[in-house]
Amino acid sequence: MENTVIKHVKGLSPDATRYQKKMHYKYGGIVKILRYIEYDKKHGVKNDDIIAILEKLRSDTSYEEIRGNEGFLDRLKEIESSFVNSPATKIVTK
């Protein structure tokens, strides 16, 4: 689950290939990421674990390089807002 969050927060590289852009478009949106997190929650991940990972991304020195990416904070806040506000988040999709 941590890798999923890191992949989303990291964003797409400016020199990404066409294939990477296509895969990011297909699997990298916030709705898909939240869906992956919901799946992980069904299999034992707690909201506290998710919040701990988000705090770790925000403050741990090992993720300093990721924090330098453009749009990092915006993408992190998207994920935080969906889990901090409601403890039992249910994602509704079409």
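Cut-offs and rules
Residues numbered from 1 in each chain as written. Predicted model: local features only at pLDDT ≥ 70, side-chain atom pairs only at ≥ 80, totals over all residues. Heavy atoms only, no water. Salt bridge = Lys/Arg side-chain N within 4 Å of Asp/Glu carboxyl O. Helix = DSSP H or I, 4+ residues; strand = E, 2+ residues; numbered from the N terminus. Buried < 20%, exposed > 50% of the residue type's maximum accessible area, 1.4 Å probe, protein only.

Chemist: Mind showing me how you'd approach the pattern of salt bridges here?
Modeler: Pairing is possible between side chains of opposite charge, provided their charged atoms come close. Taken as a whole and judged by the stated rule, the model has 3 salt bridges. A salt bridge links Lys56 to Glu2; the shortest N-O distance between them is 3.6 Å. One end of the pair, Lys56, is in helix α4 (residues 47-59); the other, Glu2, is in helix α1 (residues 2-10), and 54 residues separate them in sequence. The exposure class of Lys56 is partly exposed, given its relative accessible area of 34%. Between Arg58 and Glu80 there is a salt bridge, and its shortest N-O distance comes to 2.8 Å. In this pair, Arg58 sits in helix α4 while Glu80 sits in helix α6 (residues 72-84), placing the two residues 22 residues apart along the sequence. Look at Glu80 and you get buried, because its relative accessible area is 14%.

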